[in-house]
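Commentary on secondary and tertiary structure
Chain by chain, the residues run as shown.
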Amino acid sequence: SNASSASVESPAIATRAGGTVEVIEPDVSGVLVDAGDRQALASAIGALAADPARARALGLAARERVRRRFSLDDMLAAYHRLYESLLAGLPDDRHR
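Our subject in this report is the structure included herewith.

The next subject is the environment of isoleucine 24. On the secondary structure map, isoleucine 24 appears in the loop between helix H2 (20-23) and strand E2 (31-33). Judged by relative accessible area, which is 2%, isoleucine 24 ranks as buried. With eleven residues separating them along the chain, isoleucine 24 and isoleucine 13 place their C-alpha atoms 8.8 Å apart.

Here is the structure:
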């Protein structure tokens, strides 16, 4: 998955589909191409292969993005906020 490759500092090249847009920030933490655009995919692969420093920078940025946005602590905090907001809409005697 894109999050898995990002967590090990591997630069990602992916299509703009599904959850990839949440994980990859274009040209900051990876490269996004349109689905089905073989030329763009080949070009992106070639560009990163020709520029190892850029590939490394994208990989490092991807790892940091995953660490910041998808850590266990962040996910737990997000669930806690969700549950608190849901409980806030219930009458007081129903969630005590």
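Moving on, we come to unusual backbone geometry. With phi around 60 degrees, aspartate 27 is a residue other than glycine that occupies positive phi space. Here aspartate 27 is to be found in the loop between H2 and E2. Assessed through its relative accessible area of 54%, aspartate 27 is described here as exposed.

To continue, consider the environment of valine 21. The topology assignment puts valine 21 in helix H2. According to the relative accessible area criterion, valine 21 is partly exposed, its value standing at 46%. The spatial distance from the C-alpha of valine 21 to the C-alpha of leucine 32 is 8.1 Å, given a sequence separation of eleven residues. For valine 21, the residues in contact, after removing those within four places along its chain, are Arg16, Leu32 and Arg65.

This part covers the packing of helix H3 (residues 38-50) against helix H4 (residues 52-69). At a closest axis distance of 5 Å, the pairing of H3 and H4 adopts a crossing angle of 105 degrees. The angle between H3 and H4 places the two elements in the roughly perpendicular class. Touching Ala47, Leu48, Ala49 and Ala50 of H3 are Pro52, Arg54, Ala55 and Leu58, all from H4. Grouping the amino acids of the contact of H3 with H4 by side-chain chemistry returns seven nonpolar, no polar and one charged.

Side chains bearing opposite charge may pair, as long as their charged atoms lie close to each other. Applying the stated criterion across every chain, the model contains five salt bridges. A salt bridge links arginine 65 to glutamate 25; the nearest nitrogen and oxygen atoms lie 3.3 Å apart. Of the two residues, arginine 65 is situated in helix H4 and glutamate 25 in the loop between H2 and E2; the sequence distance between them amounts to 40 residues. For glutamate 25, a relative accessible area of 35% corresponds to the partly exposed category. Among the salt bridges present, the one from arginine 54 reaches aspartate 27, with a minimum N-O distance of 3.2 Å. Highlighted residues: arginine 54 in helix H4 and aspartate 27 in the loop between H2 and E2, separated in sequence by 27 residues. In the salt-bridge network here, residues are joined through shared partners; they are Glu64, Arg67 and Arg68.

Let's shift gears to the packing of aromatic side chains. Two measures describe an aromatic ring pair: the distance that separates the ring centres and the angle between the ring planes. All chains considered together, the criterion is met by one aromatic pair. Both rings, one in tyrosine 79 and one in tyrosine 83, keep their centres 6.2 Å apart while their planes meet at 25 degrees; by these two values the pair is stacked. Here tyrosine 79 and its partner tyrosine 83 are both found in helix H5 (residues 72-88), four residues apart, which amounts to about one turn of the helix.

About the cut-offs
- Residues numbered from 1 in each chain as written.
- Predicted model: local features only at pLDDT ≥ 70, side-chain atom pairs only at ≥ 80, totals over all residues.
- Heavy atoms only, no water.
- Helix = DSSP H or I, 4+ residues; strand = E, 2+ residues; numbered from the N terminus.
- Buried < 20%, exposed > 50% of the residue type's maximum accessible area, 1.4 Å probe, protein only.
- Contact = heavy atoms within 4.5 Å.
- Axes fitted to C-alpha atoms, helices over the stretch in contact; angles between N-to-C directions.
- Parallel < 35°, antiparallel > 145°, perpendicular 65-115°, else oblique.
- Nonpolar A, V, L, I, M, F, W, Y, C, P; charged D, E, K, R; others polar.
- Salt bridge = Lys/Arg side-chain N within 4 Å of Asp/Glu carboxyl O.
- Phe/Tyr/Trp six-rings, centres within 6.5 Å; stacked < 30°, edge-to-face > 60°.

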